[in-house]
Structure formats: C-alpha cells, structure tokens
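# Fold and geometry: a report
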Amino acid sequence: MKTDTTRYFAAACIIGLIHAAFSGYWAAGGRWMLGTVGSWATEWVDTDPTTARAVLGGLTVFKLAAAVLPLLALLNRVPLRRAIFAISWVGSVVLIAWGGLSFVGAAVGLIATAENRGVKIGHLFFDGAFFLWGTALLAGLILSRRAERPALAH
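The following paragraphs examine the structure supplied in this document. Being a predicted model, the structure only gives us computed values, none of them experimental.

### Here's the deal with the overall build of the protein
A count of helices and strands for the protein gives five helices and zero strands. When its C-alpha atoms are laid out on the principal axes, the protein stretches across 65 × 35 × 20 Å. The burial tally for the protein puts 34% of its 154 residues in the buried class. Taking the intrachain contacts of the protein between residues at least 6 apart in sequence as the baseline, contacts between residues at least 24 apart amount to 71%. With the model as given, the accessible surface of the protein reaches about 9,200 Å², and the carbon-plus-sulfur share is 71%. If you average the places of the 13 positive and of the 7 negative side-chain charges in the protein, the two averages end up 15 Å apart.

Pasting the structure below:
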C-alpha cells in the first residue's frame, strides 16, 4: 500500500513540475505555447512584461511548492506534514474541478467550432494536466489516510 501511495504522490509531483516548468519558461521570457493560454496572456507579456514575468515567477514558485511539498511530507522530509496534507486535500479538489471543467469546456468548444483552435488545444493540455495532477494527488492522499488507520481487530 505504501508503494502505491508513493507512486501517486510522485506522479502528482511530476505533473506539477511540468506545469511549473511552463510557467517558469514564460517567466523567463519564453513564448512557446504562451498563446494557448489565451490572447490576453500574450498581450499582457507584450504590454507589461515586467509585471507579467514577476507574476509568472511567483506562480512558478507556488506550483513548485504545490508539486513537491506533498511528496516530501509523505516521506517525512519537511515539517508541518499535517498542514501540507490539509492544504493538499483542498488543492487536489480545486485542481480536479478547475482542470476537469475547463478540459471539458475546451473539448466541447473544439468540437463545436474551429474558432480559437490553438487556445482550446492548449486548455486540453494544461487543464488536462491540472486534472491529472489533482487526481493523482487525491488518490495518494486517500491511500495515505487509509494506511495511517490502524487495522481493525477481528
């Protein structure tokens, strides 16, 4: 059971690191796939690059922490394990809801119209990753909770 739990936390960590890498790349001035976030993102980077890069840098740090801390907490490598898990429960549900709804919306939009095709494909990728990140994290949290419960005596 512990191995499965670790695998789910590791999968969530890897997906979160990939998501964070894109934010970090954009914060550093990269533009590949930035347009898939939406035209507002490219306009923002073009009109106010300093603020956009600072916000993207902060978002990168936040995503890195959200990706790595739950796995480190599972492995007892950081303090505040219970607080990290409590935040992770909420975060996993938000990632699943946000990613799932946006993914479905992009898929329906992609089928319904050819308009903004690149943006919709970007949402399928990035929001699908949010959904998978949240799902892997939630599965790991559920398994870790079950593993912590003492077995019932018969």
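### Some thoughts on the pattern of salt bridges
What the rule picks out here adds up to two salt bridges. In this structure, the salt-bridge partner of Arg7 is Asp4, at a minimum N-O distance of 3.7 Å. Taken together, the residues Arg7 and Asp4, both in helix H1 (residues 2–27) and three residues apart, mark about one turn of the helix. Accessibility expressed as a relative area gives 55% for Arg7, which makes it exposed.

### Observations concerning the nonpolar core
Among the nonpolar cores identified, the biggest contains 16 residues, and Phe9, Ala12, Ala73, Phe85, Trp133, Leu137 and Leu141 are the most heavily contacted of them. Taken together, the elements giving at least two residues each to this core come down to H1, helix H3 (49–74), helix H4 (81–112) and helix H5 (117–148). A total of five residues in this core trace back to one element, the largest contributor, which is H5. Contact partners of Leu137, with chain neighbours within four places excluded, come to Phe9, Ala12, Pro70, Ser88 and Ser92. If you look at the next biggest cluster of nonpolar residues, it comprises nine residues, including Ala27, Leu34, Ala52 and Leu56.

### As for the environment of Gly16
Here Gly16 is to be found in helix H1. Exposure remark for Gly16: the relative accessible area of 0% places this residue in the buried category. The sequence separation of Gly16 and Gly128 amounts to 112 residues, and the corresponding C-alpha distance is 12 Å. When near neighbours in sequence (up to four residues on either side) are disregarded, Gly16 contacts Ala67 and Trp133.

### A word on the packing of aromatic side chains
What the rule picks out here adds up to nine aromatic pairs. For the ring pair Phe22 and Trp26, a centre distance of 5.9 Å and an interplane angle of 50 degrees mean the geometry is tilted. Linking Phe22 with Trp26, this pair stays in helix H1, spanning four residues, or about one helical turn. Given the relative accessible area of 13%, Phe22 is considered buried. Looking at Trp26, the relative accessible area reads 7%, which means it is buried. Arranged with centres 4.8 Å apart and planes meeting at 80 degrees, the rings of Phe125 and Phe126 form a pair that is edge-to-face. On the accessibility criterion, Phe125 (38% relative accessible area) is partly exposed.

What counts, and where the lines are drawn
Residues numbered from 1 in each chain as written. Predicted model: local features only at pLDDT ≥ 70, side-chain atom pairs only at ≥ 80, totals over all residues. Heavy atoms only, no water. Helix = DSSP H or I, 4+ residues; strand = E, 2+ residues; numbered from the N terminus. Buried < 20%, exposed > 50% of the residue type's maximum accessible area, 1.4 Å probe, protein only. Contact = heavy atoms within 4.5 Å. Areas by Shrake-Rupley, 256 points an atom, 1.4 Å probe, with all protein chains shown as cover. Lys, Arg positive; Asp, Glu negative; His and termini not counted. Charge placed at Lys NZ, Arg CZ, Asp CG, Glu CD. Salt bridge = Lys/Arg side-chain N within 4 Å of Asp/Glu carboxyl O. Core = buried A, V, L, I, M, F, W, Y, C linked by side-chain atoms within 4.5 Å. Phe/Tyr/Trp six-rings, centres within 6.5 Å; stacked < 30°, edge-to-face > 60°.

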